[in-house]
Amino acid sequence: MPDVEDHPRVAKPGALPEPDLSRLLLENLATGVFGVDVEGRFTFLNRAATRLFGFSSPESVLGRDSHSLTMHSDEEGIRYTVMDCPIHRVMVTGRPLEVGTDTFRRIDGSPFFARYYAAPLLDRSGDVQGAVVAIEDITESLLRERTLTQYKAVFDASRDAILLHDRRAIIDCNPASVALFGAPAPEDLIGRHPGSCSPELQPDGRSSRETAEEFAEQALAEGSVAYEWICRGLDGRTFSSEVLLSRVDLPEGPFLQAVIRDITERQRAERALRRSQAELAAAQELAHLGNWVWDIGTDQIAWSDEVFRIFGRDPGSPQPGYEEFLQQVHPDDRERMEDSVTSALKEGSEYDLEYRILQPDSSQRTVQERVRVVRDTEGRALRMRGTVQDITDRRQLEDQLRYQRDLVETVLDGLPAIFFLLDTDGRLVRWNHNLEKVTGLPGDRIQGRPFAELVDPLDRNRLDGAIVLTVSEGSSEIEAGVRDRESRIIPYFLTCNRVELEGGTFLAGFGVDISERRRLEKELALKASHDHLTGLYNRWKFEELLELEIERARRYATQFSVVMFDIDHFKRVNDELGHDVGDRVLKRIGEVVGQQIRRTDMLARWGGEEFMLLLSETGLDHALQLAEATRRRVGEADFPGPGRLTISLGVTEYRPGETVSTMLKRVDTAMYAAKQGGRNRSVAA
């Protein structure tokens, strides 16, 4: 690597508190970072990782099995076993995973495609104690092209009714909506005003049309709105429904999508459930976990299934009495428990107690119990209602959090991405080991150096601007090239956040190598414009280039022509020789014609066995000559399976003022005339 000038060393601010600094830096990273121990349990998560997986907080999952919570699967959607999991292999082999791209699932079950890095965490003896993982969601870049196709598939296959409208008329509907509203066919719904699918008034007396307009305004302003609604079918039948009205932004402008579900049966079931669970609802106001009721007169305790599980019993076991319950309370906590119960029965109304229990297998758990006493009109205690929450994991998490603080420094050095801390002048104050590894610079040549000197000179002005923006606005992000130890420029996505520490204001940054993402973007762009079978331009790309050629002809008064050709009797090839042979014929004809045309011409597969040629700077006469030369060349070529084939060609020249559609229609008519005229010929139009 070429030598660069040394810079005067800048002393680190003496007041920087190491643990606080490390925690702030980790929490301000835009990329998700989490750690696991050797058994795969979460040991820490930063805010970005917590948001990425949809956890309510890091504390809610610390100590729990990361493999089951993240539902990690390979690119084909097959979930890894624990032994096959790449993160587990990092801990088995002790070698870092430089980059992986797999599918994960959030806590609500929704999947996302992610790039992730993993490195083992080693103790002082070099033994693996766990792993640290950096992860980023790359779903959007990979799924952008699939969105429209997937939406249409979901739209048609959805069991819920879906209507798309512009507030004036229904413009599309799926099969489920046709069935729900009793329409003979989609055409009987399309074109109707959305209000025609509702009675004149809703049950509260409001006008259906006016209220629907209010919901439409809300959905357009806020993105979506959910509500319950009375719908009316085309046969006059009314039914209760649940509607999710969402704004959909299409190229033509914003539209509204209504997802409608008939909830008539559900409402009946909910009313029955509310009646049968009145006693349970009163207890569950106090807590979200197991609940119980103790009838003091009969000494009968009714435990919910969750309480049985907390106490290590089968939910199908007989309900215990009070004395039996006391036997599972830890002997050292039993007296406190009895005193709390006695006091509540005599003069109190409730208590909140934390105590330990012993499960049948002798394992110990810590629970928190909240209790309320129910009395009659004369003040006599009739029942106790209570909730029990197992807080054993929470106590363990508190110990793990203390341990986590000691691991943060190791985590930062174990990150596979580059980390840096800058002063407000953009000079490096702290960094992780990976920055030294990437740049090949030792620590004494990084300390105090302007970070801009480590990036591509072409990106330095933008980086300086990002640093100024971070100081003033609090955060920024850019893509910039970082010069590695071999003087190569590696593209990185850099994020930076302003942090306030005791030593003053600093800029915490994180950089992720996006070389693979750049490669994927190029690959996706190629797939979007090329036919997957022949490798030629596809129909969409041809129309785009034709638009550009028409615009050029209008502006500069140039000539160009279009040729459309079709393989004669191609159906016979597929029927008699099979589609595999047909595919080889299509690829071969692309090769034959591609060798025949000029470098300035453009060949595309239009669809099926039809192809298109765009001949720039070419009038009709010359285009006919090229078409005939192409026809002869194809007729002389050998094709796998059928041997010899012929093609029929239509030729047309651009006429000033016409559009893409009129030109395509004319060349299609010409090709059809060639087919009708006996095939294996060229016809101009």
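Computed from a predicted model, the values in this text were never measured in an experiment.

### Observations regarding the sheet that holds strand β25 (residues 682-684)
With mixed pairing, 5 strands are arranged side by side in an open sheet as β22-β23-β21-β24-β25. Whereas interior strands pair on both sides, the edge strands pair on one side only; in this sheet they are β22 (602-607) and β25. Across the sheet, the axes of successive neighbouring strands diverge by a mean angle of 20°, strand direction being ignored. Relative to β25, strand β24 (residues 647-653) runs parallel, the two sharing 3 bridges. For Val651, the partnering residue across the bridge sits in β25 and is Ala684. Sitting on the sheet, helix α21 (residues 579-596) touches β21 (560-567), β22, β23 (610-616) and β24, and the angle it makes with β21 is about 145°. Relative to β24, helix α22 (residues 620-636) is tilted by about 165°, and along the sheet it contacts β21, β23, β24 and β25.

### Some details on the sheet that holds strand β8 (residues 224-232)
Ordered in space as β7-β6-β10-β9-β8, the 5 strands form an open sheet in which the pairing is antiparallel. Lying at the two open borders of the sheet, with one neighbouring strand each, are β7 (170-173) and β8. Between one strand and the next, the sheet's axes are offset by a mean angle of 30°, whatever the strand orientation. Here β8 pairs with strand β9 (residues 238-250) via 9 bridges, running antiparallel. Bridge pairing in β9 places Ile230 opposite Ser240. Across the sheet, helix α8 (residues 208-222) lies against β8, β9 and β10 (253-262), angled at about 155° from β8, the strand it touches most.

### What about the pattern of salt bridges?
If the charged atoms of two oppositely charged side chains come close together, the side chains can form a pair. Following the criterion strictly, the structure yields 43 salt bridges and no others. Residue Glu217 pairs with Arg167 through a salt bridge whose shortest N-O separation is 2.7 Å. Taken together, the positions of Glu217 in helix α8 and Arg167 in the loop between β6 (161-165) and β7 put the pair 50 residues apart, joining distant regions of the chain. Arg167 sits in the partly exposed class, given a relative accessible area of 22%. Salt-bridge contacts for Asp638 lead to Arg644; the nearest nitrogen and oxygen are separated by 3.0 Å. It is possible to trace a salt-bridge network through shared partners that takes in Asp37, Glu39 and Arg41.

### Looking at α8
Taking 1.5 Å per residue as the helical rise, α8 with its 15 residues ought to reach 21 Å, and the 21 Å between its terminal C-alpha atoms agrees with that figure. Ser208, Thr211, Phe215, Ala216, Ala219 and Leu220 are the residues of α8 that are buried.

### Thoughts on the confidence of the model for the chain
Per-residue pLDDT for the chain has a mean of 86; in total, 92% of the residues score no lower than 70. For residues 1-16, every residue scores under 50 in pLDDT, and the model assigns this stretch 34 contacts once sequence neighbours within four places are set aside. Between residues 281-287, whose pLDDT stays under 50, and residues either more than four places distant or in other chains, the model counts 10 contacts.

### Some words on the pairing of β24
Of all the 7 residues making up β24, 6 are buried; the element is thus mostly covered by neighbouring parts of the structure. Relative to β24, β21 is paired through 7 bridges, and the arrangement is antiparallel. Of the residues in β24, the one forming a bridge with Met564 is Gly650. Handedness of the β-α-β unit built from β24, helix α23 (residues 660-676) and β25 comes out left-handed.

### Digging into the side chain of Asp566
Relative to the helices and strands, Asp566 is located in strand β21. Judged by relative accessible area, Asp566 falls into the buried class, the value being 5%.

### Considerations on the side chain of Asp160
Looking at the element boundaries, Asp160 is found in the loop between α6 (147-157) and β6. Given the relative accessible area of 18%, Asp160 is considered buried. Side chain to side chain, Asp160 and Arg261 meet in a polar contact 2.7 Å long. Not counting residues up to four positions away in its chain, the partners in contact with Asp160 are Asn174, Ala176, Val259, Ile260 and Arg261.

### Observations regarding a negative patch on the surface
Together, Asp295, Asp299, Glu323, Glu335, Glu338 and Asp339 make up a negatively charged patch on the protein surface. Examining the composition of the negative patch, we find that 3 residues originate from one element, helix α13 (residues 331-346), more than from any other. With respect to the helices and strands, Asp295 occurs in strand β11 (residues 290-295).

### Some details on unusual backbone geometry
The phi angle at Glu617 is positive, at roughly 55°, despite the residue not being glycine. Tracing the backbone shows Glu617 in the loop between β23 and α22. One non-glycine residue, Arg679, lies in the positive phi region at around 70°. Looking at the element boundaries, Arg679 is found in the loop between α23 and β25.

### A short note on the packing of helix α20 (residues 570-577) against α21
A pair of packed helices can be characterised by two numbers: the angle between their axes and the separation between those axes. Here α20 crosses α21 at 140°, and the two axes come no closer than 7 Å. Classified by the interaxial angle, the pair formed by α20 and α21 is oblique. Facing Phe570, Val573, Asn574 and Leu577 of α20, the residues of α21 in contact are His579, Val581, Gly582, Val585 and Leu586. Here the contact of α20 with α21 is composed, by residue class, of 6 nonpolar, 3 polar and no charged.

### Structural notes on α23
Relative to the 24 Å expected for 17 residues at 1.5 Å per residue, α23 spans 24 Å between its end C-alpha atoms, a close match to the ideal helical length. Of all the positions in α23, only Val660, Met663, Leu664, Arg666, Val667, Ala670, Met671, Ala674 and Lys675 are classed as buried. Buried residues belonging to α23 abut α19 (539-556), β21, β22, β23, β24 and β25. Of the residues flanking the end of α23, it is Gly678, one or two places downstream, whose phi is positive at about 120°.

### Some thoughts on the state of the cysteines
Overall, the coordinates contain 0 disulfides when judged by the stated rule. The closest cysteine sulfur to the non-disulfide-bonded Cys173 is located on Cys197, 9.2 Å from its own sulfur. Just so you know, Cys231 is unpaired, no disulfide at all, and the nearest cysteine sulfur is the one on Cys197, 7.3 Å from it. Judged by its relative accessible area of 2%, Cys231 is buried.

### Thoughts on the nonpolar core
If you look at the biggest cluster of nonpolar residues, it comprises 28 residues, and the most contacted ones within it are Phe565, Ile567 and Ile589. No other element matches the 6 residues that α21 contributes to this core. If sequence neighbours within four positions are ignored, Ile567 has contacts with Val585, Leu586, Ile589, Glu609, Phe611, Leu645, Thr646, Ile647 and Lys675.

### Structural notes on the environment of Gly590
Mapping Gly590 onto the fold places it in helix α21. Accessibility expressed as a relative area gives 10% for Gly590, which makes it buried. Once the C-alpha coordinates of Gly590 and Leu536 are considered, the two residues, 54 residues apart in sequence, prove to be 7.4 Å apart. Leaving out residues up to four positions away in the same chain, Gly590 has contacts with Leu536 and Leu603.

What counts as what
Residues numbered from 1 in each chain as written. Predicted model: local features only at pLDDT ≥ 70, side-chain atom pairs only at ≥ 80, totals over all residues. Heavy atoms only, no water. Pairing = 2+ DSSP bridges. Helix = DSSP H or I, 4+ residues; strand = E, 2+ residues; numbered from the N terminus. Axes fitted to C-alpha atoms, helices over the stretch in contact; angles between N-to-C directions. Contact = heavy atoms within 4.5 Å. Salt bridge = Lys/Arg side-chain N within 4 Å of Asp/Glu carboxyl O. Buried < 20%, exposed > 50% of the residue type's maximum accessible area, 1.4 Å probe, protein only. Expected span 1.5 Å × (residues − 1). pLDDT = per-residue confidence, 0-100. Right-handed = clockwise from strand over helix to strand, strands pointing away. Polar contact = N/O pair within 3.5 Å; in protein donor to acceptor, adjacent residues only side chain to side chain. Patch = residues over 30% accessible without salt bridge, like charges linked within 9 Å, V, L, I, M, F, W, Y side chains within 5 Å. Areas by Shrake-Rupley, 256 points an atom, 1.4 Å probe, with all protein chains shown as cover. Lys, Arg positive; Asp, Glu negative; His and termini not counted. Charge placed at Lys NZ, Arg CZ, Asp CG, Glu CD. Parallel < 35°, antiparallel > 145°, perpendicular 65-115°, else oblique. Nonpolar A, V, L, I, M, F, W, Y, C, P; charged D, E, K, R; others polar. Disulfide = S-S within 2.5 Å. Core = buried A, V, L, I, M, F, W, Y, C linked by side-chain atoms within 4.5 Å.

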